[in-house]
Amino acid sequence: EGTGRMIINSYGSILRYDLAEGEKRIVDNGMLVAWTAHTQYKITKASPSIITSFLSGEGFVCTFEGPGTVFIQSRNIADLARGIAKYLPIQMSSEGGGE
């Protein structure tokens with residue numbers, strides 16, 4: 001903890017949410033950028049069942065409770081990676097034969 005300037009990078013825009021006392025916000029952990037030190041939070045499964053959470057693609061989420069500030073990115077880096085992956089060449093394994 002300290003004072004001064006800080007540089008933050010994200011994929012997309014950085015959105016700021018100022019939470020009032022007792023106000024809650026659920027955030028996908030892939031969208032999180034930063035939060036103030038005094039902001040309370042819990043990490044939980046996105047769905048009641050761990051299998052449902054992972055099959056939905058969500059996995060875990062963070063529930064923040066104010067007062068405090070949460071910064072999130074407007075785009076998910078995992079979505080970018082999946083989008084790029086379909087254009088990458090597939091490396092074929094050359095097992096066996098001396099063709």
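Every chain is numbered on its own, with residues counted from 1 as its sequence reads. Predicted model: local features are reported for residues with pLDDT of at least 70 only, side-chain atom pairs are reported and counted for 80 or more only, and whole-chain, interface and lining totals are derived from all residues. Note that the side-chain values use all heavy atoms of the structure and ignore hydrogens as well as water.

A look at the pairing of strand S6 (residues 68-73)
Burial runs high along S6: five of the six residues are buried. The pairing criterion is simple: DSSP has to find at least two bridges between the two strands. A helix here means a DSSP run of H or I that spans at least four residues, while a strand means a run of E at least two residues long, and both kinds are numbered starting from the N terminus. Two strands pair when backbone bridges link them, and strand S1 (residues 14-19) and S6 are joined in this way by six bridges, in the antiparallel orientation. The partner of Ile 14 across the bridge, within S6, is Gln 73. Two elements, strand S3 (residues 32-35) and S6, share three bridges in a ladder whose sense is antiparallel. Within S6, the position partnered with Leu 32 by the bridge is Ile 72. Relative accessibility thresholds used throughout: buried, under 20% of the residue-type maximum; exposed, over 50%; partly exposed, between the two (1.4 Å probe, protein chains only).

Some points on the sheet that holds strand S2 (residues 24-28)
Pairing within the open sheet is antiparallel, and its three strands lie in the order S2-S5-S4. What marks the edges here is a single partner per strand, and that holds for S2 and strand S4 (40-45). The average angle at which neighbouring strand axes cross in this sheet is 25°, direction not considered. Strand direction decides the pairing type here: S2 and strand S5 (residues 60-65), joined by five bridges, are antiparallel. Bridged to Ile 26 within S5 is Thr 63. Angles run from 0 to 180 degrees between N-to-C directions of axes, and those axes are lines fitted to C-alpha atoms, restricted for helices to the stretch in contact.

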